[in-house]
Amino acid sequence: QKEVEQDPGPLSVPEGAIVSLNCTYSNSAFQYFMWYRQYSRKGPELLMYTYSSGNKEDGRFTAQVDKSSKYISLFIRDSQPSDSATYLCAILPASSGGSYIPTFGRGTSLIVHP
Amino acid sequence: ETGVTQSPTHLIKTRGQQVTLRCSSQSGHNTVSWYQQALGQGPQFIFQYYREEENGRGNFPPRFSGLQFPNYSSELNVNALELDDSALYLCASSDSGTGTYEQYFGPGTRLTVT
């Protein structure tokens, strides 16, 4: 079992839809959770970062963490064609000996069509 | 504030050759991490440098080596290239002194080994 599991998709939705992207993880020591967006042939761009269970909002994006289920989600409201990209979750343990090395999921490809 | 930059953008090498990739970290960041991202996969951690010292290493053979310079820029060297080394190589910088865990990625170098 991989430490971080993420469905590769593709996930295809119409413009304006609410999108739900998810990751599961196996190691309960993971405490910090990040979402990155990666456009084709570009480097990942940090979208959101959280370390607690519950929800965190930033504009159209909401990150949700359920540590009891080891499940994290990213919701995108009013999705736009410009949201079409690969979304990567990345997870860190609480303490990694001073080196902050996240474990990445394989990414979910999202396509928002007009 | 300048972001993370990488050079070259693209590179084609022959099996058995050696390659050097370069990265300039974001202003104020003292930590650089290198990742390999194969097509359709998430970034895989190669190693991390903090203040010119290796600060963590992933499951990559010794022919993958690196350096960090006093200005926190970094190099990734790969010897005896193999076909499977073809991938997008990402550099990410962060500031380990603040206790935050966000990493900011460069655009990557796409390496093709023939």
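What you are looking at is a predicted structure, and each value in this text was computed from that prediction instead of being measured.

What about the overall build of chain A?
Right, so step 1: Scanning chain A from N- to C-terminus turns up zero helices and 11 strands.
Right, so step 2: Sequence-ordered secondary structure for chain A, helices as α and strands as β, is β-β-β-β-β-β-β-β-β-β-β.
Right, so step 3: The globule rule puts the C-alpha radius of gyration for 114 residues at 13 Å, and the 14 Å found for chain A is close to it.
Right, so step 4: Burial statistics for chain A: of 114 residues in total, 45% are counted as buried.
Right, so step 5: Pairs at least 24 apart in sequence give 55% of the contacts found in chain A among residues at least 6 apart.

As for the overall build of chain B
Right, so step 1: The secondary structure content of chain B amounts to zero helices and 11 strands.
Right, so step 2: In sequence order, chain B lays out its α and β elements as β-β-β-β-β-β-β-β-β-β-β.
Right, so step 3: With the principal axes as the frame, chain B shows a C-alpha extent of 40 × 25 × 25 Å.
Right, so step 4: Contacts in chain B between residues at least 24 apart in sequence constitute 54% of all its contacts with a sequence separation of at least 6.
Right, so step 5: Carbon and sulfur atoms make up 47% of the accessible area of chain B, which amounts to about 5300 Å² in all.
Right, so step 6: Across chain B, the mean location of the 7 positive side-chain charges is 10 Å away from that of the 10 negative side-chain charges.

Some details on unusual backbone geometry
Right, so step 1: In this structure, the amide linkage connecting glycine 9 of chain A to the following residue, proline 10 of chain A, adopts the cis form with an omega of 10°.
Right, so step 2: Structurally, proline 10 of chain A is set in the loop between β1 (4-5) and β2 (11-14).
Right, so step 3: With an omega of -10°, the peptide bond between serine 7 of chain B and proline 8 of chain B qualifies as cis.
Right, so step 4: Locating proline 8 of chain B in the fold gives a position in the loop between β1 (5-7) and β2 (10-13).
Right, so step 5: At lysine 70 of chain A, a position not held by glycine, the phi torsion is positive, near 55°.
Right, so step 6: Mapped onto the fold, lysine 70 of chain A is located in the loop between β7 (61-66) and β8 (71-76).
Right, so step 7: The exposure class of lysine 70 of chain A is partly exposed, given its relative accessible area of 25%.
Right, so step 8: We note that alanine 80 of chain B has phi near 45°; this positive angle belongs to a residue other than glycine.
Right, so step 9: Following the sequence through the fold, alanine 80 of chain B ends up in the loop between β8 (74-78) and β9 (87-94).
Right, so step 10: Under the relative-accessibility criterion, alanine 80 of chain B is labelled partly exposed at 43%.

Digging into the interface of chain A and chain B
Right, so step 1: With 21 residues of chain A at the contact, the number on the chain B side is 22 residues.
Right, so step 2: Taken together, both faces of the contact between chain A and chain B bury some 1900 Å²; the carbon and sulfur share is 57%.
Right, so step 3: On the surface where chain A and chain B come into contact, there are zero salt bridges.
Right, so step 4: Applying the counting rule to chain A against chain B returns three residue pairs in polar contact (both at pLDDT 80 or more).
Right, so step 5: With four residues, the top contributor of residues to the side of chain A that touches chain B is strand β4 (residues 30-38) of chain A.
Right, so step 6: Residues of the side of chain A that touches chain B, tallied by class, amount to 12 nonpolar, five polar and four charged.

Details of the pattern of salt bridges
Right, so step 1: In the structure shown here, the tally under the stated rule is seven salt bridges over all chains.
Right, so step 2: Taking the shortest distance from any N to any O, the salt bridge between aspartate 83 of chain A and arginine 60 of chain A comes out at 2.9 Å. In this pair, aspartate 83 of chain A is assigned in the loop between β8 and β9 (85-93) and arginine 60 of chain A in the loop between β6 (54-58) and β7, connecting sequence segments 23 residues apart.
Right, so step 3: Residue classification places aspartate 83 of chain A among the buried residues on the basis of a relative accessible area of 1%.
Right, so step 4: Measuring nitrogen to oxygen at the nearest pair gives 2.8 Å for the salt bridge that ties aspartate 85 of chain B to arginine 63 of chain B. In this pair, aspartate 85 of chain B sits in the loop between β8 and β9 while arginine 63 of chain B sits in the loop between β6 (53-57) and β7 (64-68), placing the two residues 22 residues apart along the sequence.
Right, so step 5: You can call aspartate 85 of chain B buried: its relative accessible area is 4%.

Calculation criteria
- Residues numbered from 1 in each chain as written.
- Chains lettered and ligands numbered in written order.
- Predicted model: local features only at pLDDT ≥ 70, side-chain atom pairs only at ≥ 80, totals over all residues.
- Heavy atoms only, no water.
- Helix = DSSP H or I, 4+ residues; strand = E, 2+ residues; numbered from the N terminus.
- Rg over C-alpha atoms; globule rule 2.2 N^0.38 Å.
- Buried < 20%, exposed > 50% of the residue type's maximum accessible area, 1.4 Å probe, protein only.
- Contact = heavy atoms within 4.5 Å.
- Areas by Shrake-Rupley, 256 points an atom, 1.4 Å probe, with all protein chains shown as cover.
- Lys, Arg positive; Asp, Glu negative; His and termini not counted.
- Charge placed at Lys NZ, Arg CZ, Asp CG, Glu CD.
- Buried area = accessible area lost by both parts, 1.4 Å probe.
- Salt bridge = Lys/Arg side-chain N within 4 Å of Asp/Glu carboxyl O.
- Polar contact = N/O pair within 3.5 Å; in protein donor to acceptor, adjacent residues only side chain to side chain.
- Nonpolar A, V, L, I, M, F, W, Y, C, P; charged D, E, K, R; others polar.

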